[in-house]
Amino acid sequence: MSLLNLMNWQTPCLFVVAIGALTTSAPVLAQETSGEDTTFAATPAVLNDSNLVHLARAVRFMEKGCLRLSGADGRLVSHLGAENEVSSTRGRLTLYEGAHPRVHLGIDASGGGQFHLKDRSGADKIELGVELDAGALQLRGSNNTPLLRLGASGSGVRNQGQIQVYGYRNNGIDLFVTPEGDGRIELRGGSLEPPAKSQLRAAIGAATVTGEFPAGQKRVSKSGYVATYGSQENMTALLGPRMLSSADPQGAGNLTLFNREGETTIQLNGQTGEIIGRTKSFAMVHPGNENVRIVYAALEGPEAAAYARGTAILENGRAVISLPEHFQLVASAENMTVHLTPRSTASRGLAVVSSSPAQIVVEELGGGRGSYKFDYWVCATRKGYENFQVIRDR
């Protein structure tokens, strides 16, 4: 019987050519016809003289152009043809092990190519395909949850890449490009209370910073930043410029801390070196009780000031006080003030005759000739901060 006589020319067919060293005659094809399907069964063939391997294969040609290969035990090992009985216009190739699909190459409903590698349970472990006209690769773990995804940005912008690493409760690392073209890394964690969901914990990236300038000018700058977030995804800390201004046109670094309401509580200005907070305090452990602390708040005022203080001696109604060199280096002569406190009840009062960052001259009132101790406090504006701005834009 010839091969041509076995073909059903009303049905699309596939030619399979086997090349090998056969010690016996070529296998004989037997034809069986059932309904619209034609089956060809191949008798065992000897492939090697030293190792006799007998093959038994069943090849079925279906009306939709489908080739199915069965193993020696009769179970399906591969499928080449239409996706299914309904989607006859989309091709697929599926490889089986024990009648269970392990490898799948096909086309999804949207017309995009798909490649799937499955485990013994039939669950997808590696998925390579097309999502929204962009390539995508996804890896899954033992419990079928996603471990890694490489593809287009989740914002729907198809030409911007994204890498997502998943962990417990789908939290993990998200690396992507924003619609503005800025790189961003987000670190996420699972919520501690139901419902379980992935919540933003930290972000690293580049941001577009803008600012208003005189004469209606606007300036835009690209700057890096690091941000942390609280349990409600509220920003708790930001390292990076917040906005541009005429005093900071390039967007110097800033460290900003926020409370739960989103209000700024501490800000470290990288341009001016200022630390702005609601209070400036220091704390120490109580010497008599290690369970509590002593907290002092710093004195505040509408200037950046420096001071020098001490105790001097009035002799015959006069005293000259030489101030420390370090005070002379930081203090401005403008707006300098001196406070005096006599330590004698016989004092007629004291007056400052002259003052400078270098020295103070003190005399007793009314031409007095007293000799006694007195305390002094000298306060001056710091050099370079004479025009300290108290009222500022937010």
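Check the entry above for the structure.
Let us now look at the pairing of strand 21 (residues 281-286). Two strands pair when backbone bridges link them, and strand 21 and strand 22 (residues 289-297) are joined in this way by six bridges, in the antiparallel orientation. In the strand pairing of strand 22, Phe282 is matched with Tyr296. What sits between the antiparallel neighbours strand 21 and strand 22 is a turn of two residues.

The next subject is the pairing of strand 7 (residues 100-107). Sheet topology places strand 6 (residues 91-97) next to strand 7; six bridges connect them, and they run antiparallel. If you follow Leu95 over to strand 7, its bridge partner there is Val103. Two successive antiparallel strands, strand 6 and strand 7, enclose a turn made up of two residues, where Gly98 displays a positive phi of approximately 65°. With five bridges connecting them, strand 7 and strand 8 (residues 113-118) associate as antiparallel partners. Each bridged residue has a counterpart across the sheet, and for His104 the counterpart in strand 8 is His116. Between the antiparallel neighbours strand 7 and strand 8 lie five residues, among them Gly111 with a positive phi of about 95°.

Throughout the structure, instances matching the rule amount to two aromatic pairs. Considering the side-chain rings of Phe282 and Tyr296, the 5.4 Å spacing of their centres and the 55° angle between planes classify their relative orientation as tilted. Remark: Tyr296 occurs in strand 22 and Phe282 occurs in strand 21; sequence separation between them is 14 residues. A relative accessible area of 46% means that Phe282 is categorised as partly exposed. Here the aromatic rings of Tyr307 and Trp377 are separated by 4.8 Å at their centres, their planes lie at 15°, and the arrangement is stacked. Of this pair, Tyr307 sits in strand 23 (residues 305-314) while Trp377 sits in strand 28 (residues 372-381); the two residues are 70 residues apart in sequence, bridging distant segments of the chain. Exposure remark for Trp377: the relative accessible area of 36% places this residue in the partly exposed category. Its end group placed over the ring of Phe388, Arg392 keeps NZ or CZ at 5.2 Å from the ring centre.

To continue, consider the pattern of salt bridges. Within this structure, the stated rule accounts for 14 salt bridges. The salt bridge partner of Arg188 is Glu233, with a shortest N-O separation of 4.0 Å. Taken together, the residues span a long stretch of sequence, with Arg188 in strand 14 (residues 183-190) and Glu233 in the loop between strand 16 (218-229) and strand 17 (235-239) at a distance of 45 residues. For Glu233, a relative accessible area of 37% corresponds to the partly exposed category. The closest approach of N and O atoms between Arg392 and Glu274, which form a salt bridge, is 2.8 Å.

Our focus in this paragraph is the sheet that holds strand 28. Where strands meet in a sheet, backbone hydrogen bonds hold them as pairs that are either parallel or antiparallel. The antiparallel open sheet is built from three strands, whose spatial order is 23-28-25. A single partner strand is all that each edge strand has here, and the edge strands are strand 23 and strand 25 (337-342). Shown here is a sheet whose adjacent strand axes are inclined to one another by a mean of 15°, direction ignored. Sheet analysis places strand 23 next to strand 28, joined by ten bridges and oriented antiparallel. Residue pairing across strands places Ala305 opposite Thr381, the latter belonging to strand 28.

Quick look at the environment of Arg102 now. Within the element layout of this structure, Arg102 appears in strand 7. Under the relative-accessibility criterion, Arg102 is labelled buried at 14%. Separated by 24 residues in the primary sequence, Arg102 and Ser78 have C-alpha atoms spaced 9.8 Å apart. Each residue touching Arg102, except ones within four places of it in the same chain, is listed here: Leu95, Tyr96, Glu97, His116, Leu117, Lys118, Asp119, Arg120 and Gly122. Polar side-chain contacts of Arg102 include one of 3.1 Å to the backbone oxygen of Asp119.

Criteria and thresholds
- Residues numbered from 1 in each chain as written.
- Predicted model: local features only at pLDDT ≥ 70, side-chain atom pairs only at ≥ 80, totals over all residues.
- Heavy atoms only, no water.
- Pairing = 2+ DSSP bridges.
- Helix = DSSP H or I, 4+ residues; strand = E, 2+ residues; numbered from the N terminus.
- Phe/Tyr/Trp six-rings, centres within 6.5 Å; stacked < 30°, edge-to-face > 60°.
- Buried < 20%, exposed > 50% of the residue type's maximum accessible area, 1.4 Å probe, protein only.
- Lys NZ or Arg CZ within 6 Å of the ring centre and 35° of its normal.
- Salt bridge = Lys/Arg side-chain N within 4 Å of Asp/Glu carboxyl O.
- Axes fitted to C-alpha atoms, helices over the stretch in contact; angles between N-to-C directions.
- Contact = heavy atoms within 4.5 Å.
- Polar contact = N/O pair within 3.5 Å; in protein donor to acceptor, adjacent residues only side chain to side chain.

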